[in-house]
Amino acid sequence: MGYTLVIHGGAGKITPAIMNAELEQQYTEALNTALDAGQQVLQGGGSATDAVISAIVELENNTLFNAGKGAVFTKKGLNEMDAAIMDGSNLMAGAVAGVRNIKNPIRLANEIMLHSGHVFLSGNGAAEFALNRGVEFAPDEYFFNKQRYDQWVEIRDSDFYQLDHKEDNLKGAVPNPDHKFGTVGAVAMDEQGNLAAGTSTGGMTNKRFGRIGDSPVIGSGTYANNNTCAISCTGHGEFFLRAVVAYDVSCLMEYKGLSLKEACNTVIKGKLVKMGGEGGLIAVDAKGNYDMCFNSAGMYRGMRNNQGHSEVAWFGK
Ligand code: ASP
């Protein structure tokens, strides 16, 4: 059957102007480390869900990305994280929103999927469940990142909030000094032909206390169904929520017979652009076809498959 793994580390204004040789080296290593972890699972005959978790944990542990260690700061100067996972073989899903001090939110999302009897937990209830399940916590210092903090300090007294690597904030002209970070995600097809998708994020800098983006919302930022595709999104969450992006791609395949690529293009480069929503997604279907589609300047991304294809990239084509 073969396998395919695709990952992203966020979309946004990623242009040659913000990159240099050292940074490119760091991103190459970070993306390949995550791909190695996921590929190891798939090569060993492991499940798409386990591969997605392994890849995302590596990205969460790397401060280059806005997830886990290195998550952005909210209006109150805290790190509040969202994550979701979905197993396309049985349509089981687990999601968590607004959690603090969870070392790897994707692991908590998986525990919720497998052991809570629910799909979506938030805030204190999610933390209590994490404690009961023995999910690893980390102190505030673990999540502190100077660049992220400075990024927040610059706009904390305004009503602005911003995508990690967007040049300007979403309402005006406060420049974002740091274009280097992003939400993370992974999608995979395993040797059994099963699909899975996962996404993990700190959200958007200076987001309102309690704000939840698209990443943990099943059907918006994350979706997987063996009959169609597995999708993980990144971008301005408010638009992805209203466009129900991930499920829309799946529906275009299921009800309209579009190919994976056609469906992704229709939503990301058509519908979303018309709405004014910036971002992208990664996708894989049950035949192992994949797509990395975005309407922003760039998206940190990478893929591997059993045929020896291996790629990491960030700029637009
Ligand atoms: N989609 C995420 C959110 O709105 C942000 C991102 O993808 O960087 O929370």
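Note that the structure is predicted; figures quoted are calculated from it, not measured.

Focus on the packing of aromatic side chains
For step 1, the next point in the chain: Using the criterion set out here, one finds six aromatic pairs in the structure.
For step 2, the next point in the chain: Judged by centre distance (6.1 Å) and plane angle (50°), the rings of Y27 and W314 are tilted. In this pair, Y27 sits in helix 1 (residues 21-43) while W314 sits in strand 12 (residues 310-315), placing the two residues 287 residues apart along the sequence. There is no split in this pair, since Y27 and W314 are both buried.
For step 3, the next point in the chain: The interplanar angle of 50° and the centroid separation of 6.3 Å between the aromatic rings of Y300 and W314 together place this pair among those described as tilted. Here W314 lies in strand 12 and Y300 lies in strand 11 (residues 298-305), a separation of 14 residues in the sequence.
For step 4, the next point in the chain: By relative accessible area, Y300 is classed as buried at 0%.
For step 5, the next point in the chain: Note on W314: relative accessible area 7%, which makes it buried.
For step 6, the next point in the chain: An aromatic cluster of at least three residues, connected via ring pairs, comprises Y27, F65, Y300 and W314.
For step 7, the next point in the chain: Across the ring face of Y142, the terminal group of K69 is positioned such that the distance to the ring centre comes to 4.5 Å.

Structural notes on the site of the ligand
For step 1, the next point in the chain: Looking at the ligand, there are eleven residues lining it, with T183, R211, D214, T234 and G235 nearest.
For step 2, the next point in the chain: Taken by itself the ligand offers 270 Å² of open surface, and the protein chains cover 100% of this.
For step 3, the next point in the chain: Here the shell around the ligand is built from residues that sort into two nonpolar, seven polar and two charged.

As for the environment of N295
For step 1, the next point in the chain: Topologically, N295 is positioned in the loop between strand 10 (290-294) and strand 11.
For step 2, the next point in the chain: Remark: the alpha-carbon pair of N295 and L272, spanning 23 residues in sequence, is separated by 8.5 Å.

Conventions and cut-offs
- Residues numbered from 1 in each chain as written.
- Predicted model: local features only at pLDDT ≥ 70, side-chain atom pairs only at ≥ 80, totals over all residues.
- Heavy atoms only, no water.
- Phe/Tyr/Trp six-rings, centres within 6.5 Å; stacked < 30°, edge-to-face > 60°.
- Helix = DSSP H or I, 4+ residues; strand = E, 2+ residues; numbered from the N terminus.
- Buried < 20%, exposed > 50% of the residue type's maximum accessible area, 1.4 Å probe, protein only.
- Lys NZ or Arg CZ within 6 Å of the ring centre and 35° of its normal.
- Near = heavy atom within 4 Å.
- Areas by Shrake-Rupley, 256 points an atom, 1.4 Å probe, with all protein chains shown as cover.
- Nonpolar A, V, L, I, M, F, W, Y, C, P; charged D, E, K, R; others polar.

Treat this as a map of the structure, not an account of what it does.
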